[in-house]
Amino acid sequence: MKQTLARLLARPLARAARQGLKLAGHGGTSLPGRIALAFDPAFIARARRFPRRVVVTGTNGKTSTVSLITLLLRSAGLSVVSNMEGANMRQGLAAALLAPPAEALVMEVDEFTLPETARALDPQLVVVTGLFRDQLDRYGEVAVVRDTLQRAIDTVPEATILLNGDDPLTASLRAARRRFFRLTQAALDVPGDCAGCPQCGAPLSYRSRTYAQLGEFECPACGFAAPEADARGVVLPEAFVFNGTALPPLPVHLHPYSVLASLAAVDALGLPARIAAWPAPILGRGGSVTMARRKVTVVLGKNPASVSWNLAQHPGDAHLFLVNNRAADGRDVSWLWDVNLAPVSRAVATGERALEMLTRLRYEPQIAQASAYPKPEEAFAAALRETPEGGHLVVVATYTQLPAALALTDTARRPTAVPAAVAPEAVAQPRAPLARRPHHVRIALLFPEQLGTYGDSGNAVVLQKRLQWRGIEASIDRIGLSDVLSADADILLLGGGEDRGQRLALASMRAMQPMLKAMAEDGVPALLVCGGLQPYGESLTLEGVEHEGLGILPIVTRPGKPRLVGKLCVNSPLVPHTLVGFENHGGHTTLLGGTRLGEVVSGNGNAATGSQGEGILLHRTIGTYLHGPVLARNPALADVMLGWVAERHGWGALDPLEDAMEARAARALCAG
Ligand code: GLN
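The rules behind the values
Residues numbered from 1 in each chain as written. Predicted model: local features only at pLDDT ≥ 70, side-chain atom pairs only at ≥ 80, totals over all residues. Heavy atoms only, no water. Disulfide = S-S within 2.5 Å. Helix = DSSP H or I, 4+ residues; strand = E, 2+ residues; numbered from the N terminus. Salt bridge = Lys/Arg side-chain N within 4 Å of Asp/Glu carboxyl O. Buried < 20%, exposed > 50% of the residue type's maximum accessible area, 1.4 Å probe, protein only. Near = heavy atom within 4 Å. Polar contact = N/O pair within 3.5 Å; in protein donor to acceptor, adjacent residues only side chain to side chain. Areas by Shrake-Rupley, 256 points an atom, 1.4 Å probe, with all protein chains shown as cover. Axes fitted to C-alpha atoms, helices over the stretch in contact; angles between N-to-C directions. Parallel < 35°, antiparallel > 145°, perpendicular 65-115°, else oblique. Left-handed = near helix turned anticlockwise from the far one by under 90°. Contact = heavy atoms within 4.5 Å. Pairing = 2+ DSSP bridges. Patch = residues over 30% accessible without salt bridge, like charges linked within 9 Å, V, L, I, M, F, W, Y side chains within 5 Å. Phe/Tyr/Trp six-rings, centres within 6.5 Å; stacked < 30°, edge-to-face > 60°. Lys NZ or Arg CZ within 6 Å of the ring centre and 35° of its normal.

A. Representation of the state of the cysteines within the structure. On inspection of all chains with the given rule, the structure shows 1 disulfide. Disulfide partner of Cys569: Cys670, at an S-S distance of 2.1 Å. Of this pair, Cys569 sits in strand 25 (residues 555–571) while Cys670 sits in helix 18 (residues 660–671); the two residues are 101 residues apart in sequence, bridging distant segments of the chain. Cysteine Cys194 is unpaired, with the sulfur of Cys197 as its nearest cysteine sulfur at 7.7 Å.

B. Focus on the pattern of salt bridges. For the coordinates displayed, the defined rule picks out 37 salt bridges. We note a salt bridge from Arg353 to Glu356, for which the minimum N-O separation is 2.9 Å. The two residues Arg353 and Glu356 agree in class, both being buried. Salt-bridge contacts for Arg620 lead to Glu647; the nearest nitrogen and oxygen are separated by 2.9 Å. Of this pair, Arg620 sits in the loop between strand 28 (616–618) and strand 29 (621–624) while Glu647 sits in helix 17 (residues 635–649), placing them 27 residues apart in sequence.

C. Highlighting the site of the ligand. Around the ligand, a shell composed of 15 residues is seen, among which Asp499, Cys530, Asn584, Gly586 and Gly587 lie nearest. One of the backbone N or O atoms of Gly531 is found 2.9 Å from an oxygen atom in the ligand. Separating an oxygen atom of the ligand from a backbone N or O atom of Gly587 is a distance of 2.8 Å. Isolated, the ligand exposes 300 Å² of accessible area, and the fraction of that covered by the protein chains is 98%.

D. Quick peek at the packing of helix 5 (residues 114–121) against helix 7 (residues 142–154). Contact geometry for helix 5 and helix 7: axes closest at 8 Å, N-to-C directions at 20°. Judged by the inter-axis angle, helix 5 sits roughly parallel to helix 7. In this structure, helix 5 crosses over helix 7, and the sense of that crossing is right-handed. From helix 5, Leu114, Pro115 and Ala118 reach across to helix 7, where they touch Thr148, Leu149, Arg151 and Ala152.

E. Structural context of the environment of Leu402. Along the chain, Leu402 falls in helix 13 (residues 402–408). A sequence separation of 273 residues divides Leu402 from Thr129, and the C-alpha atoms of the two residues are 22 Å apart. Residues in contact with Leu402, not counting those within four places in the same chain, are Gly284, Val298, Val299, Leu300 and Ala397.

F. Here's a closer look at the sheet that holds strand 9 (residues 231–235). A sheet is described by the order of its strands in space; here 9 strands give the open sequence 2-3-1-4-5-6-9-10-11, paired in mixed fashion. The sheet is open, and its two borders are formed by strand 2 (80–82) and strand 11 (245–247), each paired with just one other strand. If you compare each strand with its neighbour and ignore which way they point, the axes differ by 20° on average. Of the strand pairs in this sheet, strand 9 and strand 10 (residues 240–242) are connected by 3 bridges, and their pairing is antiparallel. The residue bridging Gly233 from the neighbouring strand is Phe242, located in strand 10. Against the sheet, helix 3 (residues 62–75) contacts strand 1 (52–57), strand 2, strand 3 (104–108) and strand 4 (125–128), and its axis sits at roughly 170° relative to strand 3. Sitting on the sheet, helix 9 (residues 256–268) is in contact with strand 4, strand 5 (160–164), strand 6 (177–184), strand 9, strand 10 and strand 11, with an inclination near 140° to strand 6.

G. How the structure looks around unusual backbone geometry. In this model, Lys561 is joined to Pro562 through a cis peptide bond whose omega is 0°. Among the structural elements, Pro562 can be located in strand 25. A positive phi is found at Phe447, a non-glycine position, where the angle reads about 50°. With respect to the helices and strands, Phe447 occurs in the loop between strand 19 (440–446) and helix 14 (458–468). Unlike most non-glycine residues, His619 shows phi in positive territory, near 60°. Mapped onto the secondary structure, His619 falls in the loop between strand 28 and strand 29.

H. Expanded view of a nonpolar patch on the surface. A cluster of nonpolar side chains, Leu5, Leu9, Leu13 and Phe39, forms an exposed patch at the surface whose accessible area comes to about 310 Å². Taking the relative accessible area as the measure of exposure, Leu5 reaches 47% and is therefore partly exposed.

I. Structural context of the environment of Val418. With respect to the element layout, Val418 can be found in the loop between helix 13 and strand 18 (426–428). The exposure class of Val418 is partly exposed, given its relative accessible area of 27%. In the structure, Val418 is positioned 33 residues away from Arg385 in sequence and 6.5 Å away in space, judged by C-alpha atoms. Ignoring sequence-local partners within four residues, the contact set of Val418 consists of Ala292, Arg294, Ala381, Leu384 and Arg385.

J. Up close: the packing of aromatic side chains. Evaluation of the coordinates by the stated rule reveals 7 aromatic pairs. Each ring, one from Trp337 and one from Tyr363, has its centre 5.9 Å from the other, and the planes form 50°; the classification is tilted. In this pair, Trp337 is assigned in the loop between strand 14 (318–322) and strand 15 (347–350) and Tyr363 in the loop between helix 11 (354–362) and strand 16 (370–372), connecting sequence segments 26 residues apart. Exposure class is identical for Trp337 and Tyr363. Each is buried. Chaining the aromatic ring pairs together yields one cluster made of Phe132, Tyr211 and Tyr257. If you follow Arg209 out to its NZ or CZ, it ends over the ring of Tyr206, 3.9 Å from the centre.

K. Fine view of helix 2 (residues 31–39). Restricting attention to buried positions, one finds in helix 2 the residues Pro32, Gly33, Ile35, Ala36 and Leu37. In this fold, the buried residues of helix 2 make contact with helix 1 (2–23) and helix 4 (90–96).

L. Seen up close, the environment of Leu214. Among the structural elements, Leu214 can be located in strand 8 (residues 214–218). For the pair formed by Leu214 and Leu183, sequence separation is 31 residues and the distance between their alpha carbons is 9.2 Å. Not counting chain neighbours up to four residues away, the residues in contact with Leu214 comprise Phe132, Asn164, Asp166, Asp167, Tyr206, Arg209 and Tyr257.

In structure tokens form, the structure reads like this:
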């Protein structure tokens, strides 16, 4: 009786709370949803009052896909309820269900909320937009997200599952009723997030790519390939062609995959997938305003795929980056190193990780000078000054900086003139190359596609630049799984990655073992990060299976609990200051001999609570769990490695470089 009463009260009370909050000027809180769920824990099952139910999930593109499906269904004459503001966890879903019933319900659902809500929502159609690495420290590697979605899909066997057929990670999801959408468009240069075939783990081959890991893929080992399309989109300058019908051409703010997923969803529901005009962009999602005689566009940038795509769409004359690292952004912004920044030439940074962004910009060859400001208004003013009159400023904000970006471009506060200049917090000055020296350094970057999940490829760029700034030529050899490693490499670099990527790399490394061992013994400087370190030991466990390692370093790695994720600060005798960075690993490493790279100041390192110290140092081989651009965050460590190269060749001491800005960024990271 009591329970029935509570259930009856859930909706009116939650609605009253929402009304009250609105009147008090506090829209957009999670309280109404919380009240509904507190009074009726099964509140989400009220979704069944809606005759048509569509769920949209995936790491990228959920919000725009939901708003496009909503628009298409409304144009087909249906009344629709959706959670268009992107509140996609339980409370957000409950809040959306407070609306009066309509003919269709379209809900975006967070990937990790879907397993516990799919049955209650009981959708006829689940749309999976695509899977990209996103907030690795919060959600885990992309294979984990894929497995989570599989569990969710398994709970709704009656539903039709509409999948992105170009994405191997998504296309490999199993279901009784599947449909696929596929896209044809000119390729965009964005790093992919799929280490190997999701079915058998072998390297995939591509006939063509659209961007990242999406395209016409095929696994030569097991035959898993991009499926036959049930819905196809073709991006042409004059039209977006959907299933043979020409629709208006796509405006730059719309992602072709979101558009295609939406049209395919409506088509799968048996309704007409047609549109006369695409929706206008909204600010924060590619929309623009005019300020001080400049066009200003604001976009959300949350992971390498989304930022790279947005930059390609909005090249602009200048860029303002607002970068935070709060929980909703992901604490670790190493991923910035995998963004394709080629379209950026003038840049300003602000936000809690402004100096880290500035460090990234300093190593980007086409950027002459970049600056950082603590206050968003000052950074915005500086970015407007960087933009010529009549030009285009593109503002890229991480999730928790988006409100600040929108406030800056608020129409009420729109400046008519460019505000006065204030001194920046830091400037990444161009570094005039020092006198040329007749040397050439070969940097070998091993398996960047498999062991490059955490932004580690940035280390190669850092070493190369720091040599070039000293007048020394340097080249980066990217060694793929079936490439030959040249014996005259001066430096070896291996990064971190998922277990699957490690397994592929391990097979190739076995073939190279005698050479890798000889190089380590000869003192060729090497940096082995996390997933690249573990195979060098006696043994390691990957995807639950124990493997013999290369036996070059005296370490063993076993699966441990918990996964060690977060900030890592280490004191090492190699450098005068504390090394800073991030770790994210399930393997816990024990040293059987050798010397630790250092002692843990905060974080875990080799094993939980720092009990095993951090990393290993053997001759000139550095093994570490500090992932991402560890050499950019700790330039002194980069110079230790370069000093070793100089020493081996008898070049004498290297010229010092000025790294005050990086030192400040590092101190802030360790203190914060
Ligand atoms: N997959 C390995 C682990 O979980 C390595 C992870 C990494 O390189 N960050 O231990």
